[in-house]
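# Topology and contacts: notes
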Amino acid sequence: MQTYDVIVIGAGAAGSSTALAMAKRGKSVLLLEQFSVPHERGSSLGHSRIFRFAYDDTEYAKLAIQALPAWRAIEAESGQSLLHLFGGLDFGSVGNSSFERTAATMTAVGAKFERLDAAATMQKFPQWRIPAHWQSLYSPDAGIVMPSRAVEVMVALACKYGATLLEHCVVQNLSSNTVQTNLGSFQANQIVIAAGAWLPKLVPMLQAQLTVTLEGSLYFAPKNLAAFTPDQFPIFIDHHSLAYGFPVQGLPAVKIGLHQSGDTVDPDTRGLVVPERMIREAQTWLETYLPTEEWRLIQSRTCLYTNTPSHDFILDWHPENNTILLLSPCSGHGFKFASYIGEIAADKLLRQPNPFDLERFRLPNALHKGEAKLLSRAILAPTGSV
Ligand SMILES: Cc1cc2nc3c(=O)[nH]c(=O)nc-3n(C[C@H](O)[C@H](O)[C@H](O)COP(=O)(O)OP(=O)(O)OC[C@H]3O[C@@H](n4cnc5c(N)ncnc54)[C@H](O)[C@@H]3O)c2cc1C
């Protein structure tokens with residue numbers, strides 16, 4: 001039986017990026033995916049994910065700053081456009097903790113941004129009708145990364161560097177260096193479990209701490225499409241309600257989501273229908289803050305979050321085996337970093353130094369509930385106002 005340097009389980013954002021990084025470093029890589037590449041059952045699907053420096057946490061802002069040139073390098077090598085920067089708006093109000101931390105973080109990392117009051121925001125982006133006490137942070141280094149296309153490109157590049165991809169290959173069991181699948185057994189010196197929502201299934205000791213939720217992406221068509229194109233209408237995040245959205249891209253519609261509003265599900269038995277309550281809440285939100293338009297739902301899609309209690313990523317060795325690396329950059333905010341996450345994982349696998357403080361991605365920290373650090377529902381104003 002051939003022994004690979006590394007077997008990567010899961011060809012989503014994390015797995016495809018890690019396979020690429022290891023293959024580029026001359027390692028023999030076997031990439032296993034239970035479905036096809038790409039597919040609609042996990043977390044890395046669809047037309048768009050928000051890319052931004054505007055984080056309420058300097059470590060993540062720095063990681064995004066590192067991910068940008070890594071995306072550009074992948075684009076240059078593949079000749080494919082994957083990341084489109086056209087601007088982003090964070091809505092908040094004076095004293096809103098995540099909003100204030102985001103402004104402070106942007107200043108701390110030297111990212112370009114403007115802080116606008118409600119009138120100035122509506123002058124710059126007349127589609128919006130926001131309350132007088134709201135403010136916004138406008139940052140030019142924000143936009144859209146295209147998940148399905150990016151995964152396909154990273155897998156293709158990994159294969160160009162010699163990696164082997166096996167699709168429809170379900171990992172059923174793994175021991176220290178051997179992986180059993182429906183297509184036979186395979187061996188490697190190291191194994192990366194980048195299985196997204198299926199991570200707790202492959203590492204049962206994590207079941208108690210990780211929650212998998214069914215999130216929705218709603219596509220609403222405005223009558224005046226031209227007013228919502230990327231050059232007119234930046235991506236947006238509302239720190240009051242955690243609604244977030246995208247200009248018209250991919251589909252002739254504005255896409256909106258409600259961060260961390262999904263119900264806990266089992267990834268193998270989850271449904272494909274977005275709950276009515278999410279559609280209603282999203283429609284109400286659009287009609288409240290973009291009232292000059294009539295919003296018609298044209299499509300809705302489901303997708304899975306793998307949430308840690310801290311909303312930090314997991315990048316750490318298996319507690320019982322330091323040749324198995326656990327990798328889950330999710331909690332609903334990991335795709336933007338995918339271009340660089342593989343490099344960090346490769347440094348870890350090859351015991352090479354990496355400039356980032358990876359301590360917080362270690363299991364004890366990532367699984368520690370503690371005070372909610374990152375932008376999350378736990379931080380919403382106690383009034384529960386959305
Ligand atoms: C609705 C929604 C909106 C989001 N918005 C943003 C955003 O705006 N910005 C942002 O940065 N991030 C966002 N995210 C988060 C981002 O998409 C995820 O962090 C990222 O896609 C996680 O990638 P992953 O590789 O960990 O998981 P996945 O892409 O799910 O990859 C895991 C892979 O492992 C495979 N697998 C699992 N078990 C097995 C097995 N036993 N054998 C073989 N293969 C297996 C699965 O089939 C899957 O392909 C969003 C996520 C969702 C759901």
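Look above for the structure.
A brief structural summary. This one's a predicted model, so the numbers in the text were calculated from it and none came from an experiment.

### Description of the overall build of the protein
- Across its full length, the protein holds nine helices and 20 strands.
- A compact globule built from 386 residues would reach a C-alpha radius of gyration of about 21 Å, and the protein, at 20 Å, matches this within 12%.
- Along the first, second and third principal axes, the C-alpha atoms of the protein reach 65 × 40 × 40 Å.
- For the protein, the proportion of its 386 residues judged to be buried stands at 59%.
- Taking the intrachain contacts of the protein between residues at least 6 apart in sequence as the baseline, contacts between residues at least 24 apart amount to 74%.

### Quick notes on the site of the ligand
- Surrounding the ligand, one finds 35 residues, the nearest of these being Glu33, His39, Ser44, Ile50 and Cys303.
- Contact distances for the ligand include 2.9 Å between an oxygen atom and a backbone N or O atom of Ala14.
- Measuring from an oxygen atom of the ligand, one finds a backbone N or O atom of Phe335 at 3.0 Å.
- Within the complex, 98% of the 1000 Å² of free accessible area of the ligand lies under protein.
- When contributions to the shell around the ligand are tallied by element, the ones reaching two or more residues are α1 (13–24), β3 (49–51), β13 (211–221) and β18 (296–307).
- Looking at side-chain class alone, the shell around the ligand contains 19 nonpolar, twelve polar and four charged residues.
- In terms of domain composition, the shell around the ligand takes at least three residues from each of domain 1 (3–45 + 147–207 + 310–366) and domain 2 (84–142 + 210–307).

### Quick notes on the pairing of strand β14 (residues 235–238)
- Covered by surrounding structure in β14 are Ile235 and Ile237 together with Phe236 and Asp238, the residues of both alternating faces.
- Where strand β5 (residues 88–93) meets β14, four bridges bridge the pair, whose relative direction is parallel. In the sheet register, Phe91 faces β14, and the bridge partner there is Asp238.
- Here β14 runs beside strand β15 (residues 243–246); their pairing, made up of two bridges, is antiparallel. Counted as the bridge partner of Ile237 is Tyr244 from β15.

### Description of the state of the cysteines
- By the definition in use, this model includes zero disulfides.
- Residue Cys159 stays outside any disulfide, its sulfur separated by 14 Å from that of Cys169, the closest cysteine.
- Residue class for Cys159 comes out partly exposed when judged on its relative accessible area of 33%.
- Given a relative accessible area of 1%, Cys169 falls into the buried group.

### Some remarks on the sheet that holds strand β8 (residues 143–145)
- Strands sit in the order β3-β8-β4 across an open sheet of three strands; the sheet is antiparallel. Strands with a single pairing partner mark the edges of an open sheet, and in this sheet they are β3 and β4 (83–85). Within this sheet the neighbouring strands show an average axis-to-axis angle of 30°, counted without direction.
- Relative to β8, β3 runs antiparallel, the two sharing three bridges. Bridge pairing in β8 places Ile50 opposite Ile144.
- Running at roughly 125° to β4, helix α2 (residues 58–78) makes contact with β3, β4 and β8 of the sheet.

### Some remarks on the packing of α2 against helix α3 (residues 97–109)
- Running from N to C, α2 and α3 point in directions that differ by 50°, and their axes come no closer than 9 Å. In terms of orientation, α2 lies oblique with respect to α3. The chirality of how α2 crosses α3 is right-handed. For the pair α2 and α3, the contacting residues are Thr58, Ala61, Lys62 and Ile65 in the first and Thr105, Ala108 and Val109 in the second.
- Residue classes in the contact of α2 with α3 are distributed as four nonpolar, two polar and one charged.

### Side note on the environment of Trp71
- Considering the arrangement of structural elements, one finds Trp71 in helix α2.
- Here Trp71 falls in the buried class, since its relative accessible area comes to 0%.
- Within polar-contact distance, the side chain of Trp71 engages the side chain of Ser339 at 3.3 Å.

### Digging into the nonpolar core
- Of all hydrophobic cores here, the largest spans 59 residues; its most connected members are Leu63 and Trp71.
- Broken down by element, this core gets its largest block of residues, nine residues, from α2.
- If you count residues domain by domain, this core takes at least three from each of domain 1 (3–45 + 147–207 + 310–366) and domain 2 (84–142 + 210–307).
- With near-sequence residues (within four places) excluded, Leu63 lies in contact with Phe313, Phe337, Tyr340, Ile344, Phe356 and Phe361.

The rules we used
Residues numbered from 1 in each chain as written. Predicted model: local features only at pLDDT ≥ 70, side-chain atom pairs only at ≥ 80, totals over all residues. Heavy atoms only, no water. Helix = DSSP H or I, 4+ residues; strand = E, 2+ residues; numbered from the N terminus. Rg over C-alpha atoms; globule rule 2.2 N^0.38 Å. Buried < 20%, exposed > 50% of the residue type's maximum accessible area, 1.4 Å probe, protein only. Contact = heavy atoms within 4.5 Å. Near = heavy atom within 4 Å. Polar contact = N/O pair within 3.5 Å; in protein donor to acceptor, adjacent residues only side chain to side chain. Areas by Shrake-Rupley, 256 points an atom, 1.4 Å probe, with all protein chains shown as cover. Nonpolar A, V, L, I, M, F, W, Y, C, P; charged D, E, K, R; others polar. Domains from an automatic or database assignment. Pairing = 2+ DSSP bridges. Disulfide = S-S within 2.5 Å. Axes fitted to C-alpha atoms, helices over the stretch in contact; angles between N-to-C directions. Parallel < 35°, antiparallel > 145°, perpendicular 65-115°, else oblique. Left-handed = near helix turned anticlockwise from the far one by under 90°. Core = buried A, V, L, I, M, F, W, Y, C linked by side-chain atoms within 4.5 Å.

Just geometry here; none of it tells us what the structure is for.
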